[in-house]
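These are the residues of each chain, in order.
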Amino acid sequence: MMTSKITDQHLSRMACIYIRQSTPGQVRFNQESTERQYNLKNKAQSLGWSPEKIRILDRDLGHSATINREDFKTLTSDVAMGQVGAIFSLEASRLARSNKDWHRLLELCAITGTLVIDEDGCYDPADFNDGLVLGLKGTFAQAELHIIRARLHGGKLNKARKGELKFPLPVGYVYDGDEIALDPDQEVQGAVRTIFELFQREGTAYAVVQRFNELGLRFPRRAYGGAWDGKLIWGRLRHSRVLAILANPAYAGTYVYGRYQSCKKISASGEITTHLRLMPQDEWRVTIPDHHPGYITQAQFLANRQRLEANRTNSEVLAGPAREGLCLLQGLLLCGTCGRRLGVRYTGNGGIYPMYQCTWKCRDALAPCACISVPFKPLDSAIAERVVAAVTPLTIELALKALTSLEERDHAIGAQWRRRIERARYEADLAERRYEVVDPHNRLIASTLEQRWNDAAQRVLDLETEFANFQRQTLRTISAEQKRQILQLAGDFPRLWTAPTTEARDQRMLRLLIQDITVVKGPEPKLLKLQIRWQGGATEVVVLQLPPNRADALRYSATIIDRVRDLAREHDDVEIAALFNRDCLLSSTGKPFTADIICWIRYKHQISGPSRPPGTLTVDEVCERYSVSMHVVYYWIERGHITAHQRKPGAPYAITIDDTMDRELREWVATSSRIPHRSQTQFA
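Residues numbered from 1 in each chain as written. Predicted model: local features only at pLDDT ≥ 70, side-chain atom pairs only at ≥ 80, totals over all residues. Heavy atoms only, no water.

A. Representation of the overall build of the protein in the model. When its secondary structure is counted, the protein shows 24 helices and 22 strands. In the protein, buried positions account for 36% of the 684 residues. Across the protein, contacts joining residues at least 24 apart in sequence account for 58% of those joining residues at least 6 apart. Carbon together with sulfur atoms contributes 53% to the accessible area of the protein, which is approximately 41,800 Å² in total. (Helix = DSSP H or I, 4+ residues; strand = E, 2+ residues; numbered from the N terminus. Buried < 20%, exposed > 50% of the residue type's maximum accessible area, 1.4 Å probe, protein only. Contact = heavy atoms within 4.5 Å. Areas by Shrake-Rupley, 256 points an atom, 1.4 Å probe, with all protein chains shown as cover.)

Here it is, written out as C-alpha cells:
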C-alpha cells in the first residue's frame, strides 16, 4: 500500500527527513526519540531513494515553535519549487505547530505531488481521503497541545494558590526547603534594607541611587545560567533596580503570582513575537499577604508605590517631586489652557532666569508658541506669601481642634475595642474556673475544658495584638506638649520660610499644603489667576499682576506725557526738567530729568515747544520767505531792520514784520548784490 503510492517521479526528487525536538532538554535527555528520527534515513532507502537523494533537516533541533524555524522554511520553499518527492517524519502532524502552517504545507504538497510519510503510512495530500486523514491529524495535534498546556497551567495555578509554586526569588530572599526566608547573608539584608531607608529619607529613586553610590556601596544581583548560575554578583546600583525593588510586593511579605503575563505582538518586520506585560494589581492571579518574612510592612509598600506614582515626571497632570533648582513651584503648576503640567526652562546668561512654560502644543506642532510663559519669581513670591499668610496660629488652632474631634472619635472606637477585650478576658477566666473545678481524673472532660481554656487565652492574646496594631496605625493621639510646639511653629513659620538657609528644595513642605495650582490667563495682559487647590480639598483664587516688560517699564506713563504737553506751551525743555526735579520726580531709569530727556519725550510724542505770539515768524520762516541765509536774518535783527523778541536769553526769536517792512526787505534783497541768497549758499 505504501510502495504503490511511490512512483519514479517521487524517487527522482529529494526525500527530506525533518528532525525536530522542542527544547534543548529533550535533545539532551530524550535521545531515543532523536535516534528514531535519524533512522528514518534507512526507511527512505528501503522505499527506493538513493542515499544521495536523501536530505536530513535537523537545524530546528532544540528550538521551540515560538522561534523562527529555518529548516521548516527551507522545507516549505523546496516543496513549493517541486524539488521534494516525500517528507519523512515520525509524526506527520508534528511537522508544524499551528494549523495555519500545517494546512499551507499540505496545500503545497498537493499541488507539487509531494508525499507525506510517517510511521503510520504514506499519504498523498492530493488524494481526498489522505488529505482528510492528514487534516484530522493536525486538528488532533492542535487539541492535544491545548489540553497539555491547559493541564500544566492549571497545575501551576493551583500550586500558586497554595503559595507553593517556586519561581526565582528577588535579591534578599532564599528558599529554606519549601519556605521563603530572608537571605542569611547579613550584607545582602543590609543592602536591601538600606534601599528602603534611603527612599524613606530622600523620597525619589534617583536620589537613592545617587546617595548609594556616593557612599561607595554595592548591590548584589543573582545570575541565572552559565558558570555563575545562582551566585550573587556585586556591582553598582542602577535606577531600574531600585524601581523594581520598590514595586515588588515580595519585600512586603506578599506572595504574588501573575504580575506579568505574556502577550503576542506583530513586529515591524511582520513576525509574531511574545512580550511580557505588567498587569494592574487588581488583575494579579494570586495574592497571599503575610506569606513570608518581609523587609517592610504592607502599609509602607503601598506608601512607596504612591510616592513613586507621584514622582512621575512623564505625567501630564500629576505633580512631580521636589527637585533641584531655583523654582519653588516646579511640578505643581497646571496650564489653564490645555490642562498639562508646566515645565521649567532656564534662560539668560548661564540659565539664571527660569521660566514656567507649557510647551505641549508647541512640542507637538499644534501651536506656534507656548500656551503660557511666565517668569518664576512673581509666581513663587505670590504663592509663598499666600502660604505664609495661611499658616497662622489661628489656622493651626482650628486644625488642632479638628484633630481633637478625631481623637475623641478614635477614643470611642478604642473604648469599644477595650470592652471587646474585657469580654474575652471574662470568657478566659470562666474557662479557667471550669477547668479548675473538674475532677482531674476525668480526663475526657478535663482535656476538653483545658482546650477551651487555651483557646480563650489565645483569643485574648490575638485581640490585644490586633488592638495594639490598631492603636499604632489608626488612632490619632497628640500630647499637650506637641500641641504647644505646633502652635509655636506657626508663629515661627514666616521666619523659617524666609531664612537664608532655606532653599527651594528644602521648601518641599509646600507639597504638604498645596495639591496643585492652575494658572489661567486673565482678560488683560500681564494678569494671571492662580487657582490653588489645597490638600484638604479647599480651593482659592489669587489674582496676580505680572511686572511689565523692560520696554514697558522704561516707557513713560500717560501722566508724565500729559504734563510735558501742558508745560511745553509756555516752558522750554530746561524749564520743564527743572520743574520735574523740583517736584522730586525721576525718569524711567531712576535718574533726575534733563533737557535731553524732555526733548526726547517731545520728539517721541510729537509735542511742540512753547507757542510764539500770533502773527510772528521764526528765523527759519523768515529765511524761507525771502530765500536768504540764516546769517542775513540775524544781521537784520542786530541792525534793527526787523523787530524780533526773545522770551528769555537763548530762547528762539519771535519776529514781527508788517507790510511796509515786508516791501522794503523784498526790494532790498532784489537790488542788493552782497546778500547771499539761501539757494546760492546751499549750492555753493
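Anyway, onward from the coordinates.
B. Molecular detail of the sheet that holds strand 20 (residues 539-545). The 4 strands lie next to each other as 14-18-19-20, forming an open sheet whose pairing is mixed. Of all the strands in the sheet, just strand 14 (333-335) and strand 20 have a single pairing partner and so form its edges. Going across the sheet, the axis of each strand differs from the next one's by a mean of 25 degrees, ignoring polarity. The strands touched by helix 13 (residues 376-390) within the sheet are strand 14, strand 18 (514-521), strand 19 (527-534) and strand 20, with strand 19 carrying the most contacts at an inclination of about 40 degrees. (Pairing = 2+ DSSP bridges. Axes fitted to C-alpha atoms, helices over the stretch in contact; angles between N-to-C directions.)

C. The sheet that holds strand 16 (residues 353-357), seen in detail. Judged by pairing direction, the sheet is antiparallel, and its 3 strands sit side by side in the order 15-16-17 without closing on themselves. Lying at the two open borders of the sheet, with one neighbouring strand each, are strand 15 (343-347) and strand 17 (373-375). On average, each strand axis in the sheet is inclined to that of its neighbour by 35 degrees, with strand direction left out of account. Where strand 16 meets strand 17, 3 bridges bridge the pair, whose relative direction is antiparallel. Note on strand 17: the bridge partner recorded for Met355 is Pro375. In the packing of helix 13 onto the sheet, the strands contacted are strand 16 and strand 17, and the crossing angle to strand 17 comes to about 70 degrees.

D. Seen up close, the pairing of strand 18. Direction of pairing for strand 14 relative to strand 18: parallel, over a ladder of 3 bridges. Of the residues in strand 18, the one forming a bridge with Cys335 is Val519. Pairing geometry for strand 18 and strand 19, over 7 bridges, is antiparallel. Paired with Thr518 across the bridge in strand 19 is Gln531. Linking strand 18 back to strand 19 in an antiparallel pair, the connection comprises 5 residues, with Lys526 at a positive phi of about 65 degrees.

E. Seen up close, a nonpolar patch on the surface. On the surface, Phe128, Leu132, Leu136 and Phe140 cluster together into a nonpolar patch covering about 460 Å² of accessible area. Mapped onto the elements of the fold, Phe128 is located in helix 7 (residues 128-161). (Patch = residues over 30% accessible without salt bridge, like charges linked within 9 Å, V, L, I, M, F, W, Y side chains within 5 Å. Salt bridge = Lys/Arg side-chain N within 4 Å of Asp/Glu carboxyl O.)

F. Representation of the packing of aromatic side chains within the structure. If you walk through the whole model with that rule in mind, you get 12 aromatic pairs. With a centroid separation of 5.6 Å and an interplanar angle of 85 degrees, the aromatic rings of Trp49 and Phe88 are classed as edge-to-face. With Trp49 in the loop between helix 4 (40-46) and strand 2 (54-57) and Phe88 in strand 3 (residues 84-88), this residue pair connects regions lying 39 residues apart in the sequence. In this structure, Trp49 and Phe88 share a single accessibility class: buried. Taking 5.8 Å as the distance between ring centres and 40 degrees as the angle between the ring planes, the aromatic pair formed by Trp600 and Tyr603 counts as tilted. Of this pair, Trp600 and Tyr603 both sit in helix 20 (residues 595-604), 3 residues apart, roughly one helical turn. Among the aromatic residues, those joined into a cluster by ring pairs are Tyr173, Phe196, Tyr251 and Tyr295. Here the basic side chain of Lys166 rests over the ring of Tyr175, its NZ or CZ set 5.1 Å away from the ring centre. Here Arg307 stacks its cationic end above the ring of Phe199, 5.8 Å away from the centre of that ring. (Phe/Tyr/Trp six-rings, centres within 6.5 Å; stacked < 30°, edge-to-face > 60°. Lys NZ or Arg CZ within 6 Å of the ring centre and 35° of its normal.)

G. Broad picture of a negative patch on the surface. Taken together, the side chains of Asp658, Asp659, Glu664 and Glu667 present a region of like negative charge at the surface. Looking at where Glu667 falls in the secondary structure, it is placed in helix 23 (residues 659-671). (Lys, Arg positive; Asp, Glu negative; His and termini not counted. Charge placed at Lys NZ, Arg CZ, Asp CG, Glu CD.)

H. Representation of the environment of Tyr435 within the structure. Within the secondary structure, Tyr435 sits in helix 14 (residues 393-437). When its relative accessible area of 24% is taken as the criterion, Tyr435 is described as partly exposed. For Tyr435 and Glu450, which are 15 residues apart along the polypeptide, the C-alpha to C-alpha distance reads 6.1 Å. When near neighbours in sequence (up to four residues on either side) are disregarded, Tyr435 contacts Ala446, Leu449, Glu450 and Trp453.

I. Representation of the confidence of the model for the protein within the structure. With 81% of its residues at a pLDDT of 70 or more, the protein shows a mean pLDDT of 78. Ignoring residues within four places in sequence, the model shows residues 678-684, a span with pLDDT below 50, making 9 contacts including any to other chains. (pLDDT = per-residue confidence, 0-100.)

J. Spatial organisation of unusual backbone geometry. Although it is not a glycine, Cys584 adopts a positive phi angle of roughly 60 degrees. Relative to the elements of secondary structure, Cys584 occurs in the loop between helix 19 (573-582) and helix 20. Located in the positive-phi region is Ser627, a residue other than glycine, with phi close to 55 degrees. Relative to the helices and strands, Ser627 is located in the loop between helix 21 (619-626) and helix 22 (630-639).

K. Looking closely at helix 9 (residues 205-214). Ala205, Ala207, Val208, Val209 and Phe212 are the residues of helix 9 that are buried. Looking at the buried positions of helix 9, the neighbouring elements they touch are helix 8 (186-202), strand 8 (219-222) and helix 10 (239-246). Regarding helix 9, its N-cap is Thr204, as a side-chain oxygen of that residue lies 3.2 Å from the backbone nitrogen of Ala207 further along. After helix 9 finishes, the residue Gly216 shows a positive phi value of roughly 75 degrees. (Polar contact = N/O pair within 3.5 Å; in protein donor to acceptor, adjacent residues only side chain to side chain.)

L. Here's a closer look at helix 21. Taken together, the buried positions of helix 21 are occupied by Val619, Val622, Cys623 and Tyr626. Along the long axis of helix 21, the arc covered by the buried residues comes to 100 degrees, so they all point the same way. (Arc of directions from axis to C-beta.)

M. Seen up close, the pairing of strand 4 (residues 115-118). The two faces of strand 4 match: Leu115 and Ile117 on one face and Val116 and Asp118 on the other face are all buried. Between strand 4 and the antiparallel strand that follows it, strand 5 (residues 121-123), lie 2 residues.

N. Region of the structure containing the side chain of Ser587. Mapped onto the secondary structure, Ser587 falls in the loop between helix 19 and helix 20. Discounting chain neighbours no more than four positions away, the residues touching Ser587 are Tyr556, Phe593 and Ile597.

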